[in-house]
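Listed below, chain by chain, are the residues.
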4 protein chains.
Amino acid sequence: MNDITHLLNHHTADLGWQRAFYEDLHEHPELSGHEQETAGRILQKLADFDCEVIPHIGGHGIVAVFRNGDGPCALFRADFDALPIREETGVPFASTQIRPGPDGNPTGVMHACGHDMHTTALLGACAILDTHREAWSGTFIALFQPAEETGTGANAMIADGLLHRVPRPDVCLGQHVMPGRAGEVQTMPGAQFAACDSIRITIPGRSAHGSMPHNAIDPTFTAAMIVIRLQGIVGREVNPNDFAVVSVGTLRAGSTNNIIPDSAALVLNCRFYDVTVQRRIYAAIKRVVEAECLASGIEELPTFEFFGHGELIDNDTGVFRTVRPVLDSVFGAASVDATRTTVSEDFANIPRAFGVPYLYWVVGCTPQGLWDRAVAENRVKEDVPVNHMNTFLPEYGTTVEATTKAAAAGVLAYLSR
Amino acid sequence: MNDITHLLNHHTADLGWQRAFYEDLHEHPELSGHEQETAGRILQKLADFDCEVIPHIGGHGIVAVFRNGDGPCALFRADFDALPIREETGVPFASTQIRPGPDGNPTGVMHACGHDMHTTALLGACAILDTHREAWSGTFIALFQPAEETGTGANAMIADGLLHRVPRPDVCLGQHVMPGRAGEVQTMPGAQFAACDSIRITIPGRSAHGSMPHNAIDPTFTAAMIVIRLQGIVGREVNPNDFAVVSVGTLRAGSTNNIIPDSAALVLNCRFYDVTVQRRIYAAIKRVVEAECLASGIEELPTFEFFGHGELIDNDTGVFRTVRPVLDSVFGAASVDATRTTVSEDFANIPRAFGVPYLYWVVGCTPQGLWDRAVAENRVKEDVPVNHMNTFLPEYGTTVEATTKAAAAGVLAYLSR
Amino acid sequence: MNDITHLLNHHTADLGWQRAFYEDLHEHPELSGHEQETAGRILQKLADFDCEVIPHIGGHGIVAVFRNGDGPCALFRADFDALPIREETGVPFASTQIRPGPDGNPTGVMHACGHDMHTTALLGACAILDTHREAWSGTFIALFQPAEETGTGANAMIADGLLHRVPRPDVCLGQHVMPGRAGEVQTMPGAQFAACDSIRITIPGRSAHGSMPHNAIDPTFTAAMIVIRLQGIVGREVNPNDFAVVSVGTLRAGSTNNIIPDSAALVLNCRFYDVTVQRRIYAAIKRVVEAECLASGIEELPTFEFFGHGELIDNDTGVFRTVRPVLDSVFGAASVDATRTTVSEDFANIPRAFGVPYLYWVVGCTPQGLWDRAVAENRVKEDVPVNHMNTFLPEYGTTVEATTKAAAAGVLAYLSR
Amino acid sequence: MNDITHLLNHHTADLGWQRAFYEDLHEHPELSGHEQETAGRILQKLADFDCEVIPHIGGHGIVAVFRNGDGPCALFRADFDALPIREETGVPFASTQIRPGPDGNPTGVMHACGHDMHTTALLGACAILDTHREAWSGTFIALFQPAEETGTGANAMIADGLLHRVPRPDVCLGQHVMPGRAGEVQTMPGAQFAACDSIRITIPGRSAHGSMPHNAIDPTFTAAMIVIRLQGIVGREVNPNDFAVVSVGTLRAGSTNNIIPDSAALVLNCRFYDVTVQRRIYAAIKRVVEAECLASGIEELPTFEFFGHGELIDNDTGVFRTVRPVLDSVFGAASVDATRTTVSEDFANIPRAFGVPYLYWVVGCTPQGLWDRAVAENRVKEDVPVNHMNTFLPEYGTTVEATTKAAAAGVLAYLSR
């Protein structure tokens, strides 16, 4: 443990390229499934290291295998796709990309979830581990996953033969930057990230001229009743001691001003820590949507399509007990307890496919002055940009150092000689 | 009167081209403001007649002036734009056009409002009047208007100098096909088509990840409350003896499944016969939208943009008394009383600009068997396609004859020798 | 006609008792079905006249038959029950009564609908007709009806043998004071007062402690969704050219703060001029209520109970043509055209039971200065108290004279020698 | 500990009176603040014991002080009021009482929360402790509290001098029967029962006849929008990891079918474990109610009145550590861990007033067969009656024995020699 700490504080790997690499990724974000250039940049960097690179797994997925003699095998995963959000950070390397969005409309594109940082950090850890092969033995797998935001990238890599194309790891690790004091590494055993699903719902109606509501069955009115009743499910049907989120991601109805449309489309996003709650909520959503259609006098049935499934991240207690002391040693007071978060991730699909235990952690990335002031003034909610906001931007220096070291520390907790 | 009836029943004008012309228009519909090819077809047909043609008035607007000695001047108007609707009539000449819609998304395009029929009929009336110049004297103006669906075409022609480029008419006439027994010509004095406005409303919110509703101010929820409360205005704030329609044309919120968006956009369509009611409703809409934003805790103000204004069509009693007996004579039992309709039109802007009286009428276009059965079984609402539905299609034969004759009859009611 | 006008302007009947009688009624209002003392006061007054009095018809109903030789028979009806409203007029003779209301709770009682004026006026007409028997021949029936507010009094009198206990009239007449310039008599042929029904709806739920919503099915939430959707029916399912009102009269849910109740109760009040609209609305109400219960996950069915049916008042054109010239002669410029009103009445049940034509009219009762100013400033809605408001009070002098004379004039239009 | 267990298993106290006493209480329930006869029955029973009885503290509150030499002082509290619920248990001793409820309306009255059991058990513990004075020394205070359901009884006793009229205890104890396997004693340290408040809200409107919605401002519609938006607060404004309940206890609007009322009244019941959440929710409720009034066009302000405050029950870890081993010894496998519950209690006001630590626990009271079957079939929610349901009834034998022994055991954990 002390060896790891000493190594990470005194390593000789060159990390000077990280800033430019990060800013380049940040300025050129790519939407899920379209990460061609980003993958190219990663491959280019990996060429600097002594490793076997396997590109194009499940689309733009990449695995780099660092073999270093006998010993266990540890996999570390980073994701690298971006979001359909127009950046408003104002930094010189802010994204100005405009791309067709998931709905076909032009949209800004932005690394608003910090995946650029995850990738930069994992490449940094590669540099350290590649430089200091004397410090460890075994196999280190760096896995770069596309399409995390759509919840499809991990499964696509698995479906494309991941399990047969890389050595089976003994443990999988991963990390995410989130609001919090920059540089703090937050770990916990047990359920940390929620399970989630998205549901695409089509609400049938009958179209008519806007002046003739009596000839129409107005799907927008039905959709509005449903949007409202969804929160009635959360507030009335869930045990208040349980956790459940039902959010409307998109609502679309109509294409012109003077026609009552013939359908409306909702996309929901639902999160849980408990499968019983999940089943109850999904049954309630179906019941509410169908009954509201009935109430509007629609005979046609609404349709439901589930997608974007995210598995629960339920950290293994054994891995936590192995990694946490190393993080405590490396980060000191900045190694802290995590709290449960409401977001979801498809990270866990990978260890689940391999049938191995895992640990996922969070690294705070909010500028420390801002964070400390916000906490002191009880204004975290108001003042701290969170992931997916168009002003979200990790504090570069502290965060890149912490994520790079944490990745290397986690791997070394298993592979250190 | 008897002369007019005799003429219209025994005219020698060639109308054999009408069917192909109509089906050509129907198969190649163009959205409001983009009617270039349609205008080309009209101009080509007008070249067959002895008239002065003035193209490109207010975009694709066209006026044909038929001079025939001394006498009064009568203007007849037809419109020729189509709608962003994907046709489902199944006829061989159905439209398969796909174009960028008003919202930038690709959309089907369809003559779902019968403007192709209006134009074919007015050109037919031109043929009759051009052929039988012995039967009338004075000036006949055939006005072909674009962009009726957006409520902008009439005003664009006026703004482009219509009043100075054509003789001042003594009367303006127009017609619209609508559900009803095919061939029935429906006239009435007084308020017949409603006044209307469209209102684009932006509802501010605060974006956050879908799993963190407490960090967001959900504009979709606010929009849903507004959609519901709008009908509360209609049902609670309007004198039940008054007429008011508030329809939601479009509702847009969000661009991806797992982000609570930062705004939602509503487009309303409102109709009235009375300006006091109109003012009261607009004040109520503003009040409701602002208060629902307040209720959601939004500090930013919603925005309101009015467009697509349609004037009341309030038929002149004198013109009615002049034209109706002619229609009675020509159409017999198929000349019937109209009932007030809820739709709107920008036709009246033209006579209003000239300061002259007008009459606008409706011609039934539902296949007679279907109509009679639907009436007998009290299933008009269920069985009869109405304007702006993707299955709306006038019965060609009866309707084209009735609209052609009615247009000629109306003009001859003023110009007949 | 001139004779009638002369008589009404120079009659010698003593009407000096009217003010005290009116104020006595006003100060001692009685709820529908409990009009014992009011009936006593009417009987006492009728004892002054030469007529046959038949009390206790259908509860507290009274008929006075004035026979005066051969000739036609005219019936005039006045109602005399009051409302569960706490009076706030501030007049010295304001009601201070507190009684158990329809729901068992104590309530103020008030003549907030002017029935005290109707009764005072009809008794005044009795006095004039009784005094001036030389001016008419035939039979005059003065009918005093209880329980109009509950829509049950007319039917109760009919069920109790009214048709067999009084001569069959040739015509039935009645009147109502309403907002309008005091003294103006407003008549019209055709549909004037709406048909109505009340509907008592019980919404089932499942009770639980207030802290355990997940163990309950909250009927108050279901009721709220229904209340909102009812206006969706009005705004979306009724042809905007038709007339329909759906109001919630009462909503009751729960009996204590910390228990989610096991049911909620709604009472609706619905009005129409057209039976097709009525049927459509009732089907929609049933559909909406049942579907909202389904949406809440309730398996038990809601219940519906119709009551308080009010028939359309559809004035006979023949009676209008007979009575209106007399009113024009008597009232001059104060005999005006009525406009359709949204309220309902059970008056028409009486002529319908007899199978005879009828005319019902309205007399303005708003102090003239207040009315004229409100009209001038377009503040009628804000400034003029309407029936059923706790500040509603007819201007005594002008109104009592107009209603007394109008009643006598209507009867004399048929019975005048 | 073994001594206590031995004593409770072999005590010689006569408890044969408990069943008749319990059934008598159950058959004659009294509403909060009206517990005169119940207090009389308790006083009569206390007369059997060697203790100082202080009646009439804060209304019908009673304290019995059992002095037994030197030593610590332990207070045990039981409550004894009932609820405005019509009993449907069908047992021979079911309540048939009808009383004026909190709203003035007649209501059934029922021990639907098990307070009759609490009181019977505490009196049983008094019998055991009074009979076996050899087993303990110190002071035992049995406190019988009225008006728990209204959240006012504990404070009323404190306000009436409780602190100066009884010795200061070293610890306070209490218990509640709830759904769960009959006889299981459920204990936990920390926050166990939620903090709560009730809020009475008056929503202003403007009254008009039911047929004239345009002259009214309909408070029932406003109330419905508020009821729905309250769940929007829970579902959208609370961190999903936090706990918050907002339930509508009562909603009242209108007094008759055909009048739109001039106000509506809501009573809410809100629960929290965290004061920050509480503050946020109360601010949101105020914001929503005021904005919905604005949206309806009401100028008058709604009013808010807080009542029925319940403090958090936050069990002291030290007391838990003292009492739990005794319960484990006495109850064996039936001494289990409690889970946090959503209900509230005013018990904690008493130890808080004295400034002493406390433990409150729950005793399961569902018949064991029913409970085991419901758990096995995952039908606890559907099949097990909960407190405040009209079918809630503890299984007598197992429950009375467990609650009696648990009360004595808790006291003896402090006073046992």
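Residues numbered from 1 in each chain as written. Chains lettered and ligands numbered in written order. Predicted model: local features only at pLDDT ≥ 70, side-chain atom pairs only at ≥ 80, totals over all residues. Heavy atoms only, no water.

**Things to note about the state of the cysteines**
- Applying the stated criterion to the full structure yields 0 disulfides over all chains.
- Here C:Cys113 stays unpaired: no disulfide links it, and the sulfur of C:Cys365, its closest cysteine neighbor, is 9.6 Å away. (Disulfide = S-S within 2.5 Å.)

**Some points on the domain arrangement of chain A**
Residues and elements named next belong to chain A.
- Each domain of chain A was delimited in the assignment, giving domain 1 (2–192 + 312–415) and domain 2 (195–309).
- Its C-alpha centre places domain 1 at a distance of 35 Å from the equivalent point of domain 2.
- Together, the buried faces of domain 1 and domain 2 total about 810 Å²; carbon and sulfur atoms form 50% of this surface.
- Of all residues in domain 1, Leu312, Thr342 and Ser344 bury the most surface against domain 2, accounting for 52% of the area lost on that side.
- At the surface where domain 1 touches domain 2, the tally comes to 0 salt bridges.
- Our enumeration of links across domain 1 and domain 2 arrives at 2 residue pairs in polar contact (both at pLDDT 80 or more). (Domains from an automatic or database assignment. Buried area = accessible area lost by both parts, 1.4 Å probe. Salt bridge = Lys/Arg side-chain N within 4 Å of Asp/Glu carboxyl O. Polar contact = N/O pair within 3.5 Å; in protein donor to acceptor, adjacent residues only side chain to side chain.)

**A few points about the pairing of strand β14 (residues 263–272) of chain D**
Residues and elements named next belong to chain D.
- In terms of burial, β14 is largely enclosed, as 8 of its 10 residues are buried.
- As paired strands, strand β10 (residues 195–204) and β14 are joined by 10 bridges and run antiparallel to one another. Considered in β14, the bridge of aspartate 197 is made with cysteine 270.
- In this sheet, β14 lies alongside strand β12 (residues 244–253) in antiparallel orientation, the contact comprising 9 bridges. Paired with valine 246 across the two strands is cysteine 270, which belongs to β14. (Buried < 20%, exposed > 50% of the residue type's maximum accessible area, 1.4 Å probe, protein only. Helix = DSSP H or I, 4+ residues; strand = E, 2+ residues; numbered from the N terminus. Pairing = 2+ DSSP bridges.)

**Quick notes on unusual backbone geometry**
Residue and element names in this part refer to chain A.
- The residue histidine 56 is not glycine, and still its phi comes out positive at about 60 degrees.
- Within the element layout of this structure, histidine 56 appears in strand β1 (residues 52–57).
- Under the relative-accessibility criterion, histidine 56 is labelled exposed at 54%.

**Some remarks on the UniProt feature "binding site: Mn(2+)" (unreviewed entry) in chain A**
Residues and elements named next belong to chain A.
- In this numbering, the UniProt entry assigns the feature "binding site: Mn(2+)" (unreviewed entry) to Cys113, His115, Glu149 and His176. Maximum C-alpha separation among the annotated residues is 12.7 Å over a sequence range of 64 residues, consistent with a single clustered spot.
- If you trace the backbone, histidine 115 turns up in helix α4 (residues 115–131).
- Ignoring sequence-local partners within four residues, the contact set of histidine 115 consists of Asp79, Phe80, Asp81, Glu148, Glu149 and His176.
- Within the local environment of histidine 115, its side chain forms a polar contact with the side chain of aspartate 79, the two groups lying 3.3 Å apart.
- For glutamate 149, the location among the structural elements is in the loop between β6 (138–145) and α5 (153–159). (UniProt positions renumbered as here; feature names shortened; annotations may be inferred. Contact = heavy atoms within 4.5 Å.)

**A short note on the nonpolar core**
- If you look at the biggest cluster of nonpolar residues, it comprises 136 residues, and the most contacted ones within it are A:Ile285, B:Ile285, C:Ile285 and D:Ile285.
- When neighbours within four sequence positions are excluded, B:Ile285 is seen to be in contact with B:Ile199, B:Ile201, B:Leu230, B:Ile233, B:Val246, B:Leu268, B:Cys270 and B:Phe304.
- Residues B:Cys126, B:Val185, B:Leu359 and B:Val363 belong to the second largest nonpolar core, which totals 53 residues. (Core = buried A, V, L, I, M, F, W, Y, C linked by side-chain atoms within 4.5 Å.)

**Quick word on the sheet that holds strand β6 (residues 138–145) of chain D**
All names here are of chain D.
- Across the sheet, 8 strands lie side by side as β1-β2-β6-β3-β7-β18-β8-β17; this open sheet has mixed pairing. A strand with exactly one partner marks an edge of an open sheet, and here the two such strands are β1 (52–57) and β17 (335–337). If you compare each strand with its neighbour and ignore which way they point, the axes differ by 25 degrees on average.
- Here strand β3 (residues 73–79) pairs with β6 via 7 bridges, running parallel. Residue alanine 74 lies in a different strand from β6, and its bridge partner there is phenylalanine 140.
- Docked against the sheet, helix α9 (residues 317–331) engages β7 (171–181), β8 (185–187), β17 and β18 (358–366), running at close to 135 degrees with respect to β17. (Axes fitted to C-alpha atoms, helices over the stretch in contact; angles between N-to-C directions.)

**Brief notes about the relation of the copies chain C and chain D**
- Aligned on chain D, chain C shows an RMSD of 0.1 Å; the corresponding rotation is 179 degrees and the shift along the axis is 0.0 Å. Viewed as a symmetry operation, the transformation between the two copies matches a two-fold axis. Rotation axis and chain C: the residue whose C-alpha lies nearest the axis is C:Ala224, separated from it by 2.2 Å.
- Comparing interface residues between copies, 98% of those in chain C also lie at the interface in chain D; the contact surface is shared. (Least-squares fit on C-alpha atoms with pLDDT ≥ 70 in both.)

**Describing the side chain of D:His176**
- Structurally, the position occupied by D:His176 is in strand β7.
- A distance of 3.5 Å separates polar atoms of two side chains, one belonging to D:His176 and the other to D:His118.

**Thoughts on helix α7 (residues 219–237) of chain C**
All names here are of chain C.
- Taking 1.5 Å per residue, 19 residues should reach 27 Å; α7 reaches 25 Å between its end C-alpha atoms and fits that length.
- For α7, the buried fraction is high: 19 of the 19 residues fall into the buried class.
- The N-cap residue of α7 is aspartate 218: its side-chain oxygen and the backbone nitrogen of threonine 220 are 3.0 Å apart. (Expected span 1.5 Å × (residues − 1).)

**Looking at the packing of aromatic side chains**
Residues and elements named next belong to chain A.
- All told, the structure shown has 48 aromatic pairs over all chains when counted by the stated rule.
- Measuring from ring centre to ring centre gives 4.3 Å for phenylalanine 243 and tyrosine 273, while their planes differ by 40 degrees; the resulting arrangement is tilted. Taken together, the positions of phenylalanine 243 in the loop between α7 (219–237) and β12 (244–253) and tyrosine 273 in the loop between β14 (263–272) and α8 (275–295) put the pair 30 residues apart, joining distant regions of the chain. Take phenylalanine 243 and tyrosine 273: they sit in the same class, and that class is buried.
- Taken together, the aromatic side chains of Phe193, Phe347, Tyr358 and Tyr360 make up a single cluster linked through ring pairs.
- Taking the ring centre of phenylalanine 307 as reference, the NZ or CZ of arginine 200 above it sits at 4.2 Å. (Phe/Tyr/Trp six-rings, centres within 6.5 Å; stacked < 30°, edge-to-face > 60°. Lys NZ or Arg CZ within 6 Å of the ring centre and 35° of its normal.)

**A word on the interface of chain C and chain D**
- Taken together, the contact between chain C and chain D spans 55 residues of the former and 56 residues of the latter.
- Summing both partners gives a buried area of about 4800 Å² for chain C against chain D, and 57% of it is carried by carbon and sulfur.
- Summed over the shared surface of chain C and chain D, the number is 0 salt bridges.
- Of all the secondary-structure elements, those providing two or more residues to the side of chain C that touches chain D are α7, β12 (244–253), β13 (259–260) and β14 (263–272) of chain C.
- Considering each element in turn, the side of chain C that touches chain D owes the most residues, 8 residues, to β12(C).
- When grouped by side-chain class, the residues that make up the side of chain C that touches chain D number 24 nonpolar, 24 polar and 7 charged.
- Bridging between β12(C) and β12(D) involves 3 bridges; their strand directions are antiparallel. (Nonpolar A, V, L, I, M, F, W, Y, C, P; charged D, E, K, R; others polar.)

**A closer look at the interface of chain C and chain B**
- Each partner contributes to the interface: chain C provides 22 residues, whereas chain B provides 22 residues.
- For the pair chain C and chain B, the summed buried area comes to about 1400 Å², and 48% of that belongs to carbon and sulfur atoms.
- At the junction of chain C and chain B, the tally comes to 0 salt bridges.
- Scanning the region where chain C abuts chain B turns up 8 residue pairs in polar contact (both at pLDDT 80 or more).
- Of the residues forming the side of chain C that touches chain B, the biggest block, 6 residues, is contributed by α7(C).
- Across the side of chain C that touches chain B, the residue classes break down as 9 nonpolar, 8 polar and 5 charged.

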